[in-house]
Amino acid sequence: MSKQDPSIGRNWFAIHTYSGYEDSVKKALEQRIESMGMQEYIFEILVPKQKVVSVKAGKKVVEEKKLFPGYVLVDMIVTDASWYVVRNTPNVTGFVGSGNTPVPVMPEEFGIIQRHMGDDEPSADIKLKVNDLVVIKDGPFTNYEGTISEINNAKGKVVVMVSIFDRETKVELDFDQVIP
């Protein structure tokens with residue numbers, strides 16, 4: 001029994017892995033492709049990642065974060081042999097699909113993934129929410145308390161409503177300028 005209709009041809013497929021093993025699955029799969037001569041069926045392995053800015057010990061840190069923990073994307077032609085190579089790679093739990101039949105990733109979905117990966121501008125990993133009470137730790141309003149009214153993840157900014165002379169005033173700050 002064939003795993004897929006051969007007329008479907010080359011596509012991107014998502015495979016499940018144990019979370020935290022995505023990079024080792026990629027490496028192991030690349031080695032298996034080489035040693036088993038599958039270069040004509042399995043072309044590229046991708047662990048989708050995105051740059052994010054987070055705050056660690058009070059400092060901004062840019063790090064790569066997996067877009068889909070527990071998943072790896074594989075550009076391949078599914079045959080019984082190529083399916084077997086991928087499926088039997090250590091820490092791979094299976095293909096995304098119905099039963100034993102892998103379902104290709106839709107081109108629109110893959111385009112969205114590529115756009116997120118291609119962002120050279122890191123997005124912010126902000127653990128704050130609107131209406132959270134914060135203390136400003138930097139700038140002209142140091143030690144003032146306020147409430148978050150807006151969050152702009154893309155720019156890493158928050159708008160805090162601060163009471164100055166009994167009037168609510170909007171103050172735009174970098175997310176690392178406030179403490180929850």
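Definitions and limits used
- Residues numbered from 1 in each chain as written.
- Predicted model: local features only at pLDDT ≥ 70, side-chain atom pairs only at ≥ 80, totals over all residues.
- Heavy atoms only, no water.
- Pairing = 2+ DSSP bridges.
- Helix = DSSP H or I, 4+ residues; strand = E, 2+ residues; numbered from the N terminus.
- Patch = residues over 30% accessible without salt bridge, like charges linked within 9 Å, V, L, I, M, F, W, Y side chains within 5 Å.
- Areas by Shrake-Rupley, 256 points an atom, 1.4 Å probe, with all protein chains shown as cover.
- Salt bridge = Lys/Arg side-chain N within 4 Å of Asp/Glu carboxyl O.
- Buried < 20%, exposed > 50% of the residue type's maximum accessible area, 1.4 Å probe, protein only.

Caption draft 1: Structural detail: the sheet that holds strand β13 (residues 167-174). Here we have five strands laid out as an open sheet, ordered β13-β12-β11-β10-β14, and antiparallel in their pairing. The open sheet has two free edges, formed respectively by β13 and β14 (178-179), since each of these has just one partner strand. Here strand β10 (residues 133-136) runs beside strand β11 (residues 145-152); their pairing, made up of three bridges, is antiparallel. Each residue of the ladder has a partner; that of V134, found in β11, is G146.

Caption draft 2: Structural detail: the environment of V130. For V130, the position within the fold is in the loop between β9 (123-124) and β10. Counting along the chain gives 19 residues from V130 to S149, while the straight-line C-alpha distance between them is 5.3 Å.

Caption draft 3: View of a nonpolar patch on the surface. Together, F68, Y71 and V96 line one region of the surface with nonpolar side chains, adding up to about 220 Å² of accessible area. Positionally, Y71 belongs in strand β5 (residues 71-77). Look at Y71 and you get partly exposed, because its relative accessible area is 31%.

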